[in-house]
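# Secondary and tertiary structure notes
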Amino acid sequence: MYSFVTTISAWAIPAIVVFIPLYAYFRRVPVYETFVEGAKDGFQTSINIIPTLVGMMVAISVFRASGAMDWMVSLFRPLLDVLGVPSEVMPLAFLRPITGAGSLAFTTDLIKTYGSDSLIGRIASTIQGSTDTTLYVLTVYFGAVGIRNGRYALKVGLFSDLVGFVAAIIVCLLVFGFISG
């Protein structure tokens, strides 16, 4: 199973990089011109989202500095201990929906402390790839295009993050042999 996942990982990005321009070529899409136009639009969007981004960064700093994250992790620690899940990865469940940079920094610290081949390192890395920065996306991108009522976007986004978090743990335990499948 591990070698299968490693092989797919090695070929996925090169296959996508080759497939997209070929597909565009056969569809007669001007690839370079389309890319430049998208980059120009992206630059304007980045200017528009700066105020929202600053507000989000302040909120993240307050969340971490207030001790709220540590308190929330302590609530889940007994359940995680019973399930055999390392509680060290629990802060990612709270950080990842809020901030990509903050969760990446936390993941980097976990990998430096426990190693990339440890259960904690593998789970943290898989969580990084299996979840999204939901609150960041809603705040920044909805703000950039002027959406004021996200309706169910927050609920669905956070639920998908929860599913990704749980699935990352289960898949790591199964694929890397920490539980028998």
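Keep in mind the model is a prediction, meaning the values are calculated, not measured.

Quick notes on the rules
Residues numbered from 1 in each chain as written. Predicted model: local features only at pLDDT ≥ 70, side-chain atom pairs only at ≥ 80, totals over all residues. Heavy atoms only, no water. Helix = DSSP H or I, 4+ residues; strand = E, 2+ residues; numbered from the N terminus. Buried < 20%, exposed > 50% of the residue type's maximum accessible area, 1.4 Å probe, protein only. Areas by Shrake-Rupley, 256 points an atom, 1.4 Å probe, with all protein chains shown as cover. Lys, Arg positive; Asp, Glu negative; His and termini not counted. Charge placed at Lys NZ, Arg CZ, Asp CG, Glu CD. Core = buried A, V, L, I, M, F, W, Y, C linked by side-chain atoms within 4.5 Å. Contact = heavy atoms within 4.5 Å. Patch = residues over 30% accessible without salt bridge, like charges linked within 9 Å, V, L, I, M, F, W, Y side chains within 5 Å. Salt bridge = Lys/Arg side-chain N within 4 Å of Asp/Glu carboxyl O.

### Quick look at the overall build of the chain
- Helix and strand counts for the chain come out as 9 helices and 0 strands.
- Going residue by residue from the N terminus, the α and β elements of the chain occur as α-α-α-α-α-α-α-α-α.
- Taken over 181 residues, the chain has a buried fraction of 27%.
- Surface summary for the chain: the accessible area is close to 12,000 Å², and the carbon and sulfur share equals 69%.
- Positive and negative side-chain charges in the chain, numbering 11 and 10 respectively, have mean positions lying 7 Å apart.

### What about the nonpolar core?
- If you look at the biggest cluster of nonpolar residues, it comprises 25 residues, and the most contacted ones within it are Val89, Leu110, Ile123 and Ile127.
- Listing elements by their share of this core, those giving two or more residues are helix H3 (50–65), helix H4 (68–83), helix H5 (90–95), helix H6 (100–114), helix H7 (119–130) and helix H9 (153–175).
- Once residues within four sequence positions are removed from consideration, valine 89 is found in contact with Leu110, Ile120, Ile123, Ala124, Ile127 and Phe165.

### So, the side chain of serine 103
- Residue placement: serine 103 occurs in helix H6.
- Ignoring sequence-local partners within four residues, the contact set of serine 103 consists of Leu92, Leu95, Arg96 and Gln128.

### A short note on the environment of glycine 143
- The topology assignment puts glycine 143 in helix H8 (residues 134–145).
- Separated by 92 residues in sequence, glycine 143 and proline 51 have C-alpha atoms that sit 9.5 Å apart.

### Considerations on a nonpolar patch on the surface
- A cluster of nonpolar side chains, namely Trp71, Leu75, Phe76, Leu79, Val82 and Leu83, defines an oily patch on the protein surface of about 670 Å² accessible area.
- Examined against the element boundaries, leucine 75 turns out to sit in helix H4.

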